[in-house]
Amino acid sequence: RPYIDNITSSKVVKSWLGHAVILKCVVDANPAATFTWYKDGRSILRGVNSTHNNSTLSIKPNKSDQFGSYLCKAVNIKGTTLHNITVEQLCECHD
């Protein structure tokens, strides 16, 4: 089954409202894996760019509910691997 490359895959990504970020999911898979991204159980189609062993998801959180946990699913004929990435909101705090 595909194995997550924990060195190059994102774990926690921090961003402000309205700032674009890229989530990265890298696997070691033979044969090549296909990727699906999820947020709150719904698959994400926009902003996904995948090659044979890595996938990125570009997001630009405009609402606070777009922060939180994202899931990357990598699948090939040998099995399935899941990888969670947390997107944390940075505060634009004013004194």
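For the structure, check the block above.
Described below are features of the structure shown in this document. (Residues numbered from 1 in each chain as written. Predicted model: local features only at pLDDT ≥ 70, side-chain atom pairs only at ≥ 80, totals over all residues. Heavy atoms only, no water.)

1. Some words on the environment of Trp 37
Right, on to step 1. The residue Trp 37 is located in strand β4 (residues 34-39) in this model.
Right, on to step 2. Looking at Trp 37, the relative accessible area reads 0%, which means it is buried.
Right, on to step 3. Spatially, the C-alpha atoms of Trp 37 and Gly 18 are 20 Å apart, while their sequence positions differ by 19 residues.
Right, on to step 4. Within polar-contact distance, the side chain of Trp 37 engages the side chain of Ser 55 at 2.8 Å. (Helix = DSSP H or I, 4+ residues; strand = E, 2+ residues; numbered from the N terminus. Buried < 20%, exposed > 50% of the residue type's maximum accessible area, 1.4 Å probe, protein only. Polar contact = N/O pair within 3.5 Å; in protein donor to acceptor, adjacent residues only side chain to side chain.)

2. Details of the environment of Ser 58
Right, on to step 1. Structurally, the position occupied by Ser 58 is in strand β7 (residues 54-59).
Right, on to step 2. Residue classification places Ser 58 among the partly exposed residues on the basis of a relative accessible area of 37%.
Right, on to step 3. Sequence-wise, Ser 58 and Tyr 38 are 20 residues apart; in three dimensions their C-alpha atoms are separated by 13 Å.
Right, on to step 4. Ignoring any residue separated from it by four or fewer positions in sequence, one finds Ser 58 in contact with Val 21, Ile 22, Arg 46 and Gly 47. (Contact = heavy atoms within 4.5 Å.)

3. Description of the sheet that holds strand β6 (residues 48-50)
Right, on to step 1. Across the sheet, which stays open at both edges, the four strands sit in the order β1-β3-β7-β6 with antiparallel pairing between neighbours. Whereas interior strands pair on both sides, the edge strands pair on one side only; in this sheet they are β1 (3-4) and β6.
Right, on to step 2. In this sheet, β7 lies alongside β6 in antiparallel orientation, the contact comprising three bridges. Bridging across to β7, Ser 50 finds its partner in Ser 55. (Pairing = 2+ DSSP bridges.)

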